[in-house]
Amino acid sequence: MDFDRLLINSFLYTKDAFLGKQSRWILFIISKYLLYPIFLGYMVEIYRGKMPSQTDNPYEFIDDEPVFGALFFNGLKLFVIKLIYTVPIAIIAAPLLITLIFGDEDALSGLVSGTGIVPEEVLFAFGFLTGLAIVIYTFLIGINLPIALVRFSRTGLMREAFRFFEIQKIIGHIGRLNYIIALFLLAIIIGLIEYLLLQVPEIGWALLIIFTPVLAVFSARYITMIYETLPE
């Protein structure tokens, strides 16, 4: 896998989408935080491999101009797919979170100190296994979800996002090690940029809000490029 090509192509794609287009940037920020399904619908179009147009319409692509209704409903479907993928994490963490948030403070203190009904070793084991399960499942989401999103976007069928054996076949064709390295590289780049933005005194949080749509477009194009490394 040509990692330089992934990064350069994704950077140029993002540059063409935003550089010198303040109106597009502003509307993307608005849609990202107030009209999220429309923003996700734009991500769907990126996953489909479409190129942004150079017109004043921020949601227009070279291939065609998707209507807002299509963007909204495709984005809504994408949101549901992401939600379904993350629900198991909430289920796994729910017992621990409920105890921490709504549990009796004295009883919880007793449990933690080992003087409660549940032995300290059992409580520690429960917390360790819960945390381990969350870490493992989060890793599996990180591996499967990118391909799932592209499969849905290119077929228009939500069920394609949950055909796990097919997703694994695609990852196998791409090359598992290269695929994981590519995703890890993306995570490092996005995390580093977000960290540097937050280090700017007083306005770091505002810069992060402004640049989050840019990072989202970069990530979507990067994932699309990974998918397109599939052999013909």
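Since the structure is predicted, the reported quantities are computational estimates derived from the model, not experimental observations.

Rules behind the numbers
Residues numbered from 1 in each chain as written. Predicted model: local features only at pLDDT ≥ 70, side-chain atom pairs only at ≥ 80, totals over all residues. Heavy atoms only, no water. Salt bridge = Lys/Arg side-chain N within 4 Å of Asp/Glu carboxyl O. Buried < 20%, exposed > 50% of the residue type's maximum accessible area, 1.4 Å probe, protein only. Axes fitted to C-alpha atoms, helices over the stretch in contact; angles between N-to-C directions. Helix = DSSP H or I, 4+ residues; strand = E, 2+ residues; numbered from the N terminus. Parallel < 35°, antiparallel > 145°, perpendicular 65-115°, else oblique. Left-handed = near helix turned anticlockwise from the far one by under 90°. Contact = heavy atoms within 4.5 Å. Nonpolar A, V, L, I, M, F, W, Y, C, P; charged D, E, K, R; others polar.

(A) Spatial organisation of the pattern of salt bridges. One pass over the structure, following the stated rule, counts 8 salt bridges. For Glu 45, the salt bridge goes to Arg 48, with nearest N and O atoms at 3.1 Å. Note on Arg 48: relative accessible area 30%, which makes it partly exposed. Through salt bridges that share partners, Arg 151, Glu 160, Arg 163, Glu 166 and Lys 169 make up one connected network.

(B) Seen up close, the packing of helix α1 (residues 3-18) against helix α8 (residues 176-198). Orientation of α1 relative to α8, taken along the N-to-C sense of each, is 40°, at an axis distance of 11 Å. The angle between the axes of α1 and α8 places the two elements in the oblique class. With respect to the hand of their crossing, α1 and α8 are arranged in right-handed fashion. Note on element contacts: α8 touches α1 through Asn 178, Ile 181, Ala 182, Leu 185 and Ile 189, opposite Phe 3, Leu 6 and Leu 7. The residue makeup of the contact of α1 with α8, split by class, is 7 nonpolar, 1 polar and no charged.

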